[in-house]
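# Commentary on secondary and tertiary structure
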Amino acid sequence: MEDARAILIASDTEKMLNALFAQMLPVMESSYLGQLGQTEDGAEILKQVSEKYPGGQAAFGKRFGELMMASIRAEIPNIIEQTAQQYVLEIQPADLLMMRRFMESSAGKSMTAAQPKIQQKLTTVGQGVGAKAGVQAAMQLMVEAQKHLETPK
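Quick caveat, the model's predicted, so the values are computed rather than measured. (Residues numbered from 1 in each chain as written. Predicted model: local features only at pLDDT ≥ 70, side-chain atom pairs only at ≥ 80, totals over all residues. Heavy atoms only, no water.)

## What to know about the overall build of the protein
For the protein, the helix and strand inventory stands at six helices and zero strands. Reading the secondary structure of the protein in the N-to-C direction produces α-α-α-α-α-α. Relative to a compact globule of 153 residues, whose C-alpha radius of gyration would be 15 Å, the protein shows 23 Å and is clearly more extended. The dimensions of the protein, computed from C-alpha atoms along their principal axes, are 75 × 45 × 30 Å. Expressed as a percentage of its 153 residues, the buried residues of the protein come to 21%. Considering only contacts within the protein whose residues lie at least 6 apart along the sequence, 70% involve residues at least 24 apart. (Helix = DSSP H or I, 4+ residues; strand = E, 2+ residues; numbered from the N terminus. Rg over C-alpha atoms; globule rule 2.2 N^0.38 Å. Buried < 20%, exposed > 50% of the residue type's maximum accessible area, 1.4 Å probe, protein only. Contact = heavy atoms within 4.5 Å.)

Below, the structure written as structure tokens:
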């Protein structure tokens, strides 16, 4: 377990998890507001929030995100420990030791240091791919739906 934990520490897993969750936060906030608005009671709550909550719905959604992130951050040590346990179950001890030595080497440290920049660039690429795929899917769906939406003359 010691090698598995050391690998996760050397690879800045906690920092990576915080960055990942921070990227997901805006989606979680808007999803919460959207889900809340799906019921009659929830829609009424959102109406009152818009009128009475300091900063309105946007601030309410942000506060949800802050509270959610606090809960998630409190669980990061548990996530890391469970990950280390999975490493021990899936990877041979000799390989774990070699991985640890690499992660603690100058090459491993260099890789770890480069990861956030690489991830940021890949996120931008992924967003572009996702946006393009979304436009293509929407256009294709509208063509398909048009067959069913056209009224006979």
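## Remarks on the layout of surface pockets
Approximately 450 Å³ is the volume found for the largest pocket. Forming the walls of the largest pocket are 17 residues, and the residues nearest its centre are M16, A19, Q115, P116 and Q119. Put simply, the parts of the chain that give the lining of the largest pocket at least two residues each are helix 2 (13-36) and helix 6 (106-149). Of the residues assigned to the lining of the largest pocket, the class counts are eight nonpolar, seven polar and two charged. (1 Å grid on protein atoms, 1.4 Å probe; cavity = no way out; pocket = protein on both sides within 12 Å on 5 of 7 lines; lining within 4 Å. Points joined across faces, edges and corners; volume = space filled by probe spheres on them. Nonpolar A, V, L, I, M, F, W, Y, C, P; charged D, E, K, R; others polar.)

## Observations regarding the packing of aromatic side chains
To describe a pair of aromatic rings, one takes the distance between the centres and the angle between the planes. Scanning the entire structure with this criterion turns up three aromatic pairs. Aromatic pair Y32 and F60: ring centres 6.1 Å apart, planes at 35 degrees, arrangement tilted. Here F60 lies in helix 4 (residues 56-90) and Y32 lies in helix 2, a separation of 28 residues in the sequence. Look at Y32 and you get partly exposed, because its relative accessible area is 27%. An aromatic cluster of at least three residues, connected via ring pairs, comprises Y32, Y53, F60 and F64. (Phe/Tyr/Trp six-rings, centres within 6.5 Å; stacked < 30°, edge-to-face > 60°.)

## Some details on the pattern of salt bridges
All told, the structure shown has seven salt bridges when counted by the stated rule. With its nearest N and O atoms 2.6 Å apart, the salt bridge here joins R5 to E81. Here R5 is found in helix 1 (residues 2-10), whereas its partner E81 is found in helix 4, with 76 residues between them in sequence. Residue class for R5 comes out partly exposed when judged on its relative accessible area of 36%. (Salt bridge = Lys/Arg side-chain N within 4 Å of Asp/Glu carboxyl O.)

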